[in-house]
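# Chains, contacts and geometry: an overview
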Amino acid sequence: MTGFMRDDPRLVGGVERRVFLRQTLSLGALTLLTGCDISDQGGVQRVLRAMSAWNDRAQSLLFGGQRLAPTYREQDVVRDFRYNAFFPAAASPKLSAAEYRLELSGLIADKRAWSVAELHALPRETQITRHVCVEGWSMIGKWGGPRLGDFLRRVGADLSAKYVGFECADGYYGSIDMPTALHPQTVMAVTFADQTLPTAYGYPFKIRIPTKLGFKNPKWVRLIYVTNRYPGGFWEDRGYNWFSGS
Ligand SMILES: Nc1nc2c(c(=O)[nH]1)N[C@H]1C(S)=C(S)[C@@H](COP(=O)(O)O)O[C@H]1N2
Ligand SMILES: [Mo]
């Protein structure tokens, strides 16, 4: 691996860097394919971005449907579920039910903010599914909460729009395609293992998407918006595939 790859946080970040490189082409192959000099940072960056965009398009054509992720049994649920974020668990945003409001913006008719109590009053869906992190671990967990699709319909979101975006209390952000937002297993998880979602796992809720990799499951969500303009995401803007799932 050459020095610039190791040093360029825009392209690849932290521990996840090696996995990312393993999943793409070697630098030698990249140089052959593109004819661009790997010492030319901007050039390589542009090529990786283009490949990533191509992957996103190909994958959404192949998979962008309503295929269900596998579900598991109660006894498969892991007790000490692993924590992950780009900072240690102790630094998790501590949101309080008294002050928290979920903001809505973009192509949504009713942009009224939602309290935790209001989110808890919505009908819930529970699922026992596998969370797969790109860093090389996976665990089966149980999450419950309103379906994101039901919520979007309720607030009058434009369901013909391309993207649903999320902003989180820790500065993390992300986005998904509308078919994934409307997928029956995509939920606003307010519970984990039948208890109120703990702070470290995203209280008051995380977007749980079992058809996507872990990094596409934003925690501590404070804003949901609907848009036709590509919103990117925290890791996607550092080189990961935006689609990253099925
Ligand atoms: N707001 C926020 N959401 C996030 C992250 C983050 O750093 N910030 N990390 C993602 C990654 S990479 C993973 S694997 C999962 C971990 O979720 P868990 O702590 O519930 O296991 O959260 C995802 N959602
Ligand atoms: Mo992850």
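Here's a quick rundown of the structure. (Residues numbered from 1 in each chain as written. Chains lettered and ligands numbered in written order. Predicted model: local features only at pLDDT ≥ 70, side-chain atom pairs only at ≥ 80, totals over all residues. Heavy atoms only, no water.)

### A word on the pattern of salt bridges
What the rule picks out here adds up to ten salt bridges. A salt bridge links Glu74 to Lys142, with the shortest nitrogen-to-oxygen separation between them at 2.7 Å. Residue Glu74 is located in the loop between helix 4 (41-63) and strand 1 (103-106), and its partner Lys142 is located in strand 3 (residues 137-145); the two are separated by 68 residues in the primary sequence. With its nearest N and O atoms 3.1 Å apart, the salt bridge here joins Arg112 to Glu118. Classification of Glu118 as partly exposed rests on a relative accessible area of 31%. One continuous salt-bridge network, built from bridges that share partners, spans Glu74, Lys142 and Asp194. (Salt bridge = Lys/Arg side-chain N within 4 Å of Asp/Glu carboxyl O. Helix = DSSP H or I, 4+ residues; strand = E, 2+ residues; numbered from the N terminus. Buried < 20%, exposed > 50% of the residue type's maximum accessible area, 1.4 Å probe, protein only.)

### Observations concerning the site of ligand 1
Close to ligand 1 lie 20 residues; Arg82, Asn84, Asp170, Asn217 and Lys219 are nearest. Arg82 is positioned with one of its backbone polar atoms (N or O) 2.6 Å from an oxygen atom of ligand 1. Here an oxygen atom of ligand 1 and a backbone polar atom of Phe86 are 3.1 Å apart. Contact with the protein chains hides 99% of the accessible area of ligand 1, taken as 530 Å² for the molecule alone. Residues that form the shell around ligand 1 fall into these classes: twelve nonpolar, four polar and four charged. (Near = heavy atom within 4 Å. Polar contact = N/O pair within 3.5 Å; in protein donor to acceptor, adjacent residues only side chain to side chain. Areas by Shrake-Rupley, 256 points an atom, 1.4 Å probe, with all protein chains shown as cover. Nonpolar A, V, L, I, M, F, W, Y, C, P; charged D, E, K, R; others polar.)

### Some remarks on unusual backbone geometry
Backbone torsion omega between Tyr203 and Pro204 reads 5°, so that peptide bond is classified as cis. As for its placement among the helices and strands, Pro204 is situated in the loop between strand 8 (195-196) and strand 9 (206-208). At Trp220, a position not held by glycine, the phi torsion is positive, near 50°. Residue placement: Trp220 occurs in the loop between strand 9 and strand 10 (221-227). The phi dihedral of Ser244 falls on the positive side, at around 35°, and the residue is not glycine. One can find Ser244 in the segment after strand 10. For Ser244, a relative accessible area of 9% translates into the label buried.

### A look at the layout of surface pockets
A probe matching the size of a water molecule, rolled over the atoms, marks out where space remains unfilled. Taken as a whole, the second largest pocket holds about 330 Å³ of empty space. Lining the second largest pocket we find 17 residues, and of these Ala53, Asp56, Tyr163, Tyr230 and Trp242 sit closest to its centre. In terms of residue count, helix 4 provides more of the lining of the second largest pocket than any other element does, six residues in total. Counted by class, the lining of the second largest pocket contains six nonpolar, four polar and seven charged residues. (1 Å grid on protein atoms, 1.4 Å probe; cavity = no way out; pocket = protein on both sides within 12 Å on 5 of 7 lines; lining within 4 Å. Points joined across faces, edges and corners; volume = space filled by probe spheres on them.)

### Structural notes on the sheet that holds strand 1
Through backbone hydrogen bonds, the strands of a sheet pair up, either in parallel or in antiparallel fashion. As summarised here, the arrangement of the four strands in space is 1-10-4-5, forming an open sheet in which the pairing is mixed. With one partner strand each, in any of the chains shown, strand 1 and strand 5 (173-177) form the two edges of the open sheet. Taking the axes of each pair of neighbouring strands and ignoring which way they run, one obtains an average angle of 20° across the sheet. Looking at chain direction, strand 4 (residues 163-168) and strand 5 are connected through five bridges and run antiparallel. Across the sheet, the residue bridging to Tyr163 is Asp177, located in strand 5. (Pairing = 2+ DSSP bridges. Axes fitted to C-alpha atoms, helices over the stretch in contact; angles between N-to-C directions.)

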